[in-house]
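# Inside the fold
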Amino acid sequence: YLVGVPPHTSFTGWLAIFIALTSNAFFLNFLITLLAAPLALVLRNRRVTILVIPMLFGLVNSFVFLDGILYRLYRFHVNGMVVALMFAPKAGENFTIGTWTWFSGISLIAVIIALHAAFGIVGIRWLRQNVFLRRLRTKKHVAAAVALIFAVTAVDKGIYACADIGDRTEYMRGKYIFPLYQAVTAKRWASKRLGVEVHPKASLHVDMRSSSLNYPRRPLEFGLDMRKPNILIVAVDSVRSDMLTAEITPFLHRWGSEHMIGKRHFTSGNRSTHGIFGMMYGINATYWNRVLSERRGPLIVSELKRLGYAFRVFSSTDTLFAEGSKTSFVQIREALFDQWDGDVPSYERDRINTDRFVEFLDSGERPFFVFIWHDAPHQPYRYPPEHEVFPVELRAEDINYVKLAADKDQADKMFRRYKNSIHHVDAQLERAISALEERGLMDETLIFIVGDHGEEFGESGLWGHGSAFSIQQIQTPLVAHVPGHASEVLERVTSHVDIVPTILSYMGVKNPPSDYSSGVPLTAPSERSFVVVGSWDSAAAVDEDTIICFGLEAYNADITILDFNYVPVPDRKKAIAEKQSVFLKVLEGLREFIH
């Protein structure tokens with residue numbers, strides 16, 4: 001696991017790593033202790049004590065052995081996709097483990113378990129007979145040993161919590177280096193009880209030598225035909241793809257038909273955190289944890305800063321909620337407008353941000369990069385009275401989720417509130433685009449309008465977003481304007497991660513997109529057959545006809561294959577066998593931008 005520690009890590013950084021390693025080893029063994037101790041105390045059987053229980057610990061260390069090999073090779077741990085690929089029918093048709101690999105692995109696991117069994121049979125007897133150790137077998141010494149172990153664990157968790165409060169990323173790396181590492185944070189407690197500022201200004205001085213990220217894989221090279229267009233990205237919270245209609249979004253529906261529309265466009269995450277990440281970084285949201293831990297800003301921002309761009313981020317919600325000020329916008333915090341008085345409703349914030357955008361256009365700062373994040377369609381779906389185009393008798397303060405779970409009528413009212421809030425945002429989009437047109441900026445401005453993620457209203461039995469990878473939660477509208485590109489309806493699968501390569505290829509970057517992105521330009525043909533949607537500890541690969549959900553951690557190492565109605569496919573084994581090539585490509589993508 002220590003191969004995952006970046007080079008040039010400081011002495012104190014290494015010390016924190018070794019403390020985390022010790023603490024994590026204790027935690028893994030403590031899990032088995034919780035299972036083994038009651039077994040031994042209830043059965044009081046010598047064979048259980050000297051043979052079965054040591055072998056349980058042997059199984060734990062066998063898991064660590066296998067996970068360690070996987071981590072050394074690929075820099076990720078055992079997860080659902082790995083398990084599916086290893087044990088799927090016909091797995092050998094797409095990859096070959098090799099006879100000697102099986103032989104070596106099984107042999108070493110046998111040795112590990114045999115050593116534990118030998119310790120139970122011979123070692124325990126020797127420990128009991130050793131004169132020196134017998135003197136230590138007192139309640140006082142045992143208590144001291146246990147106290148020492150827990151003290152090391154407490155120090156480890158304390159280091160992590162303090163580092164998280166102080167934004168000291170070097171001391172937080174154990175979270176992704178060691179399997180099943182349990183991070184502890186204390187931001188709320190430190191803020192309320194100690195008055196500590198838990199979100200200090202993030203450092204912009206990243207030591208690239210100590211980074212575990214290989215992002216980008218090669219420095220960008222611009223051609224002689226380099227262009228410096230204006231760039232506008234608009235993210236609308238919670239808007240799903242079927243809201244792009246003449247009735248709900250009259251402007252965007254009409255304007256989109258004259259430009260570029262993605263018919264099968266997917267967010268990069270089922271939450272704002274991961275959806276915004278994909279738009280700004282151009283890489284899959286499975287990298288979010290690593291990027292956050294290093295406070296690494298997106299490549300697009302660093303390159304545009306180098307080229308002299310003016311930046312503005314007009315957000316109707318606090319970007320800290322989605323960790324945006326520590327990731328996507330960490331390099332341009334001075335251009336971030338996201339703080340609001342709590343009494344300002346979300347729809348009014350959307351209107352004010354549109355005003356701010358128009359005022360910024362009149363400032364004459366060029367070229368510019370502007371990110372607008374509208375929030376009205378987020379629960380409880382607020383809108384001004386003039387946008388109640390779908391009549392509803394349900395105020396935001398009257399929403400009852402207990403009743404909602406069983407009352408279809410209230411669910412329908414909520415859905416109408418949702419559509420009204422989107423209708424309001426559509427009017428703000430029209431104002432923004434009209435301002436660009438009136439100032440003659442359309443021919444020199446790239447525009448991307450998407451939902452940060454979708455929203456579900458019980459279609460698969462769930463509500464809101466972030467709870468599943470159903471179509472309602474992950475498929476969003478995509479409307480784009482690329483100067484010189486004819487109007488087009490994209491029938492292929494597209495993703496938020498395609499925005500960055502679309503921008504950079506238009507600007508004249510010579511590198512292939514694979515050097516800096518998981519995506520492909522929207523303006524180029526693509527043979528990609530699936531996209532990846534991420535969340536906190538799980539992800540999904542969405543292809544032509546299925547949604548393949550898998551865990552990213554060892555504790556949720558499972559895989560489920562569902563159709564677009566979010567119903568598990570009838571023959572799971574057959575489906576897993578048929579998706580082997582997808583599994584392999586997903587696994588390759590998990591380490592593509594890691595050293």
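Reading guide: rules and limits
- Residues numbered from 1 in each chain as written.
- Predicted model: local features only at pLDDT ≥ 70, side-chain atom pairs only at ≥ 80, totals over all residues.
- Heavy atoms only, no water.
- Core = buried A, V, L, I, M, F, W, Y, C linked by side-chain atoms within 4.5 Å.
- Buried < 20%, exposed > 50% of the residue type's maximum accessible area, 1.4 Å probe, protein only.
- Helix = DSSP H or I, 4+ residues; strand = E, 2+ residues; numbered from the N terminus.
- Contact = heavy atoms within 4.5 Å.
- Phe/Tyr/Trp six-rings, centres within 6.5 Å; stacked < 30°, edge-to-face > 60°.
- Lys NZ or Arg CZ within 6 Å of the ring centre and 35° of its normal.
- Pairing = 2+ DSSP bridges.
- 1 Å grid on protein atoms, 1.4 Å probe; cavity = no way out; pocket = protein on both sides within 12 Å on 5 of 7 lines; lining within 4 Å.
- Points joined across faces, edges and corners; volume = space filled by probe spheres on them.
- Nonpolar A, V, L, I, M, F, W, Y, C, P; charged D, E, K, R; others polar.
- Patch = residues over 30% accessible without salt bridge, like charges linked within 9 Å, V, L, I, M, F, W, Y side chains within 5 Å.
- Areas by Shrake-Rupley, 256 points an atom, 1.4 Å probe, with all protein chains shown as cover.
- Salt bridge = Lys/Arg side-chain N within 4 Å of Asp/Glu carboxyl O.
- Lys, Arg positive; Asp, Glu negative; His and termini not counted.
- Charge placed at Lys NZ, Arg CZ, Asp CG, Glu CD.
- Axes fitted to C-alpha atoms, helices over the stretch in contact; angles between N-to-C directions.
- Polar contact = N/O pair within 3.5 Å; in protein donor to acceptor, adjacent residues only side chain to side chain.

Quick look at the nonpolar core now. Counting residues in each nonpolar core, the largest one holds 52 residues, and the members touching the most others are I233, F369, F371, I503 and L504. Considering every element that reaches this core, the biggest residue donor is helix α17 (residues 499-507), with six residues. The residues contacting F369, other than those within four sequence positions of it, are I231, I233, M280, L304, Y309, A310, F311 and R312. Among the nonpolar cores identified, the runner-up in size contains 42 residues, and L232, I372, Y383 and M442 belong to it.

Tallying each qualifying case throughout the model produces 22 aromatic pairs. When the centroid spacing of 4.9 Å and the interplanar angle of 50° are considered together, the rings of Y418 and F457 count as tilted. Within this pair, whereas Y418 is found in helix α15 (residues 408-438), its partner F457 is found in strand β7 (residues 456-457), the two being separated by 39 residues in sequence. Neither Y418 nor F457 differs from the other in exposure class; each is buried. Every member of this aromatic cluster is reached through a ring pair, and the members are Y215, F277, Y281, Y287 and F593. Between the NZ or CZ atom of R217 and the centre of the ring of F593, over which it lies, the distance is 5.8 Å.

Among the seven residues of strand β5 (residues 368-374), seven are classified as buried, and the element is accordingly described as predominantly covered. Across the two faces of β5 the burial is the same, with F368, V370, I372 and H374 and F369, F371 and W373 all buried. Of the strand pairs in this sheet, strand β1 (residues 230-236) and β5 are connected by six bridges, and their pairing is parallel. Bridge pairing in β5 places I233 opposite F371. Pairing between strand β3 (residues 310-315) and β5: six bridges, direction parallel. In the strand pairing of β5, V313 is matched with F371.

The next thing to look at is empty space enclosed by the protein. With a probe scaled to a water molecule rolled over the atoms, the places where space remains empty come into view. One pass over the structure, following the stated rule, counts four cavities of 30 Å³ or more. In this structure, the largest cavity spans a volume of roughly 90 Å³. Looking at the largest cavity, it is lined by 13 residues, and the ones nearest its centre are V236, V239, L252, L429 and P477. Put simply, the parts of the chain that give the lining of the largest cavity at least two residues each are α15 and β6 (445-451). Partitioning the lining of the largest cavity into residue classes produces eleven nonpolar, two polar and no charged. Of the voids in this model, the second largest cavity is the one considered here, and its volume is about 70 Å³.

The next point concerns a positive patch on the surface. The grouping of R46, R125, R128, R134 and R137 at the surface amounts to a positive patch. By the element assignment, R125 lies in helix α4 (residues 99-129). For R125, a relative accessible area of 48% puts it in the partly exposed group.

This brings us to a nonpolar patch on the surface. A contiguous nonpolar patch, built from L39, V42, L43, L51, V52, M55, I121 and V122 and spanning about 660 Å² of accessible area, is present on the exposed surface. Only α1 (11-43), α2 (46-74) and α4 provide two or more residues apiece to the nonpolar patch. The topology assignment puts V52 in helix α2.

An order of β11-β12-β13-β14 is seen for the four strands of this open sheet, with the pairing classed as antiparallel. Each edge of the open sheet carries a strand with a single partner, namely β11 (531-534) and β14 (559-562). Pairs of neighbouring strands in the sheet enclose a mean axial angle of 20°, with direction left out of account. Judged from the four bridges that link them, β11 and strand β12 (residues 538-542) form a sheet pairing that is antiparallel. Bridging from a neighbouring strand, V533 pairs with A540 of β12.

With mixed pairing, eight strands are arranged side by side in an open sheet as β4-β3-β5-β1-β6-β9-β2-β10. Edge positions in the sheet fall to β4 (336-337) and β10 (488-495), since each of these pairs with one other strand and no more. Relative to β6, β1 runs parallel, the two being bridged by seven bridges. Bridged to V236 within β6 is G451.

For Y160, the position within the fold is in helix α6 (residues 139-166). Given a relative accessible area of 5%, Y160 falls into the buried group. Expressed as a C-alpha distance, the spacing of Y160 and E170, which sit ten residues apart in the sequence, is 9.7 Å.

This part covers the side chain of S535. Along the chain, the position of S535 falls in the loop between β11 and β12. A residue is classified by how much of its surface remains accessible, and S535, at 7% relative accessible area, is buried. A polar atom in the side chain of S535 sits 3.1 Å from the side chain of N270. Beyond its immediate sequence surroundings of up to four residues, S535 is in contact with N270, R271, H274, G466, F469 and L552.

What follows covers the environment of D563. Along the polypeptide, D563 turns up in the loop between β14 and α18 (572-578). Sequence-wise, D563 and S470 are 93 residues apart; in three dimensions their C-alpha atoms are separated by 9.2 Å. Those residues in contact with D563, other than ones at most four positions away along the chain, are D545, I547 and V569. Within the structure, the side chain of D563 is placed 2.9 Å from the backbone nitrogen of N565, a separation counted as a polar contact.

Residues three or four positions apart in an α-helix share a direction because the helix packs 3.6 residues into each turn. Inspection of helix α12 (residues 299-306) places L299, I300, V301, E303 and L304 among the buried residues, and these make up the whole buried set. Next to the buried residues of α12 lie β1, α10 (272-281), β3, β5 and α17. At the exit of α12 stands G308, carrying a positive phi of roughly 85°.

The topology assignment puts D350 in helix α13 (residues 346-363). One buried charged residue, D350, forms no salt bridge at all, with the nearest opposite charge on R349 at 7.7 Å. At 3.0 Å, the side chain of D350 forms a polar contact with the backbone nitrogen of A376. Setting aside residues no more than four positions away along its own chain, D350 makes contact with S316, W373, H374, D375, A376, H424, V425 and Q428.

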